[in-house]
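Topology and contacts: notes
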Amino acid sequence: MFAAERRQLILEMVRANGAVSLRELARVVQTSEVTVRRDVRALEAEGLLDRRHGGAVLPGGFTRESGFPQKSHLATAEKTAIADLAANFVEEGEAIVVGAGTTTQELARRLARVPGLTVVTNSLLVAQALAHANRVEVVMTGGTLRGSNYALVGSGAEQSLHGLRVSRAFLSGSGLTAERGLSTSNMLSASVDRALVQAAAEVVVLADHTKLGTDTMFQTVPTDLITRLVTDEPPAHDDRAATELQALADQGVQIAVAGGQGGSAGAGAGGPGGDGVPARQQRRDVPLPGPRRQGPGAGGQLRSASASMLGEQGPGAERARVADLRRR
């Protein structure tokens, strides 16, 4: 394929999807990421698209939202790795909320094996993934169906969440920055996500590396309300993604990275590590400082760890905290 043909195809993919990772572009045009990066730079110089961390987006700074068919085929390996790792943060018998999105749909498929779980969601896809799980109770919000992402939105969805209290919220979105937090391109979706956040004691964001540094129109979760980010391993050349992760850690967000090479710290060969994380995943976790928001440097440096998946205090303390929430 000639350079002009490659660039035309890249441009068509970005226009169709709003945002595309370099990995995905390289796979479609059947060339290396180095070549694709060169093509993206050339298209950016012409004002046809904007570069972002590990990918390309529509020009103008704010990406538009892609429909479900486009999203479901983007960064599939990354979403799988993120969902595998995020499922380890859910305990038997918990009550959680799960927002709409293709990554949260992947998480829901893994939650079907957690006994005694109660999942509140506004996503038809999440509910469908859990529909045949015998030991999982699914509670759906009311609201109006938004066909582009199969989610219930509007005042009915928001009102059904009033008075709800759960241990954790698992959310995805269109973009994530340290400066502004999680954001999305649709006002109705953003409003429901904010209601989901209000119902939870902790907020876990699921976002692949292509969303890091991307800012979209409507803020859903400010950075100071994000407890943990579960993301994938950025490409080695993507210094901006690493910088964004460090900036999030400096603001007190715990960072868990899935899909690293060489296994998790302390893991045996070919098997799970001492904290229950599969050996193919590498976890980099930054504990929450106390109190939150003590300024730059509060989050410390990103590091690998073999501590419990539920944080430095261990699963016993986490269960006690969830039990206390329920008594309230």
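Scroll up a little and you will see the structure.
The rules we used
Residues numbered from 1 in each chain as written. Predicted model: local features only at pLDDT ≥ 70, side-chain atom pairs only at ≥ 80, totals over all residues. Heavy atoms only, no water. Axes fitted to C-alpha atoms, helices over the stretch in contact; angles between N-to-C directions. Helix = DSSP H or I, 4+ residues; strand = E, 2+ residues; numbered from the N terminus. Parallel < 35°, antiparallel > 145°, perpendicular 65-115°, else oblique. Left-handed = near helix turned anticlockwise from the far one by under 90°. Contact = heavy atoms within 4.5 Å. Nonpolar A, V, L, I, M, F, W, Y, C, P; charged D, E, K, R; others polar. Buried < 20%, exposed > 50% of the residue type's maximum accessible area, 1.4 Å probe, protein only. Pairing = 2+ DSSP bridges. Right-handed = clockwise from strand over helix to strand, strands pointing away. Core = buried A, V, L, I, M, F, W, Y, C linked by side-chain atoms within 4.5 Å. Expected span 1.5 Å × (residues − 1). Salt bridge = Lys/Arg side-chain N within 4 Å of Asp/Glu carboxyl O.

Some points on the packing of helix H5 (residues 76-86) against helix H6 (residues 102-111)
At a minimum axis separation of 8 Å, H5 and H6 run at an interaxial angle of 50 degrees. Between H5 and H6, the angle falls in the class oblique. In the packing of H5 onto H6, the handedness of the crossing is right-handed. Touching Lys79, Thr80, Ile82, Ala83, Asp84 and Ala86 of H5 are Thr102, Thr103, Glu106, Leu107 and Arg110, all from H6. Broken down by class, the residue content of the contact of H5 with H6 amounts to 4 nonpolar, 3 polar and 4 charged.

Considering the pairing of strand S5 (residues 117-121)
With 4 of 5 residues buried, S5 lies mostly within the body of the structure. Both strand S4 (residues 95-98) and S5 contribute to a ladder of 4 bridges, which runs parallel. Paired with Val97 across the bridge in S5 is Val120. Of the crossover connections in this fold, the one passing from S4 over H6 to the parallel S5 is right-handed. Inspection of the sheet shows S5 paired to strand S6 (residues 136-140) by 5 bridges, in the parallel sense. By the bridge assignment, Val120 is partnered in S6 with Val139.

Points about the sheet that holds strand S3 (residues 55-57)
Spatially, the 3 strands line up as an open sheet ordered S1-S3-S2, and their pairing is antiparallel. Edge positions in the open sheet fall to strand S1 (19-21) and strand S2 (50-52), since each of these has one partner strand only. Averaged over neighbouring strand pairs, the angle between their axes works out to 25 degrees when direction is ignored. Note: S2 against S3, 3 bridges, orientation antiparallel. Each residue of the ladder has a partner; that of Asp50, found in S3, is Val57. Along the sheet face, helix H2 (residues 22-29) touches S1 and S3 and points at about 75 degrees away from the line of S1.

Structural notes on the nonpolar core
Leu176, Val205, Leu229, Leu248 and Ile255 are the most contacted members of the largest nonpolar core, which totals 31 residues. Where this core is concerned, the elements lending two or more residues are S4, strand S9 (166-171), helix H9 (187-198), strand S12 (200-206), helix H10 (239-250) and strand S15 (254-258). The contact partners of Leu248, leaving out residues within four places of it in the chain, are Leu176, Thr177, Ala178, Leu212, Thr223, Leu229, Val253 and Ile255. Among the nonpolar cores identified, the runner-up in size contains 26 residues, and Ala83, Leu85, Val114 and Ala258 belong to it.

Quick look at the sheet that holds S6
Read from one edge of the open sheet, 7 strands run S6-S5-S4-S9-S12-S14-S15, paired in parallel fashion. Each of the sheet's edge strands pairs with one partner strand only, and the pair in question is S6 and S15. Ignoring which end each strand starts from, the neighbouring axes of this sheet average 20 degrees apart. In this sheet, strand S14 (residues 228-232) lies alongside S12 in parallel orientation, the contact comprising 3 bridges. Bridging across to S14, Leu206 finds its partner in Val230.

So, the environment of Val36
Mapped onto the elements of the fold, Val36 is located in helix H3 (residues 33-45). Classification of Val36 by relative accessible area gives buried; the value is 0%. Linking Val36 and Arg23, residues 13 residues apart in sequence, is a C-alpha distance of 8.8 Å. With near-sequence residues (within four places) excluded, Val36 lies in contact with Ile10, Leu22, Leu25, Ala26, Val29 and Thr31.

Here we look at unusual backbone geometry
For Gln30, which is not a glycine, the phi torsion comes out positive at approximately 60 degrees. Assignment of secondary structure puts Gln30 in the loop between H2 and H3.

So, H3
Since there are 3.6 residues in each turn of an α-helix, residues three or four apart along the chain are aligned in direction. A rise of 1.5 Å per residue sets the reference length of H3, with its 13 residues, at 18 Å; its end C-alpha atoms lie 18 Å apart and thus fit the reference within 8%. Of the positions making up H3, those classed as buried are Thr35, Val36, Arg37, Asp39, Val40, Ala42 and Leu43. Immediately beyond the C-terminal end of H3, within one or two residues, lies Gly47, with a positive phi of roughly 75 degrees.

Some remarks on the pattern of salt bridges
What the rule picks out here adds up to 12 salt bridges. A salt bridge links Arg27 to Glu24; the shortest N-O distance between them is 2.6 Å. Here Arg27 and its partner Glu24 are both found in helix H2, 3 residues apart, which amounts to about one turn of the helix. The closest approach of N and O atoms between Asp215 and Arg180, which form a salt bridge, is 2.5 Å. Separated by 35 residues along the polypeptide, Asp215 in the loop between S12 and strand S13 (218-221) and Arg180 in the loop between strand S10 (175-177) and strand S11 (181-184) bring together distant segments of the chain.

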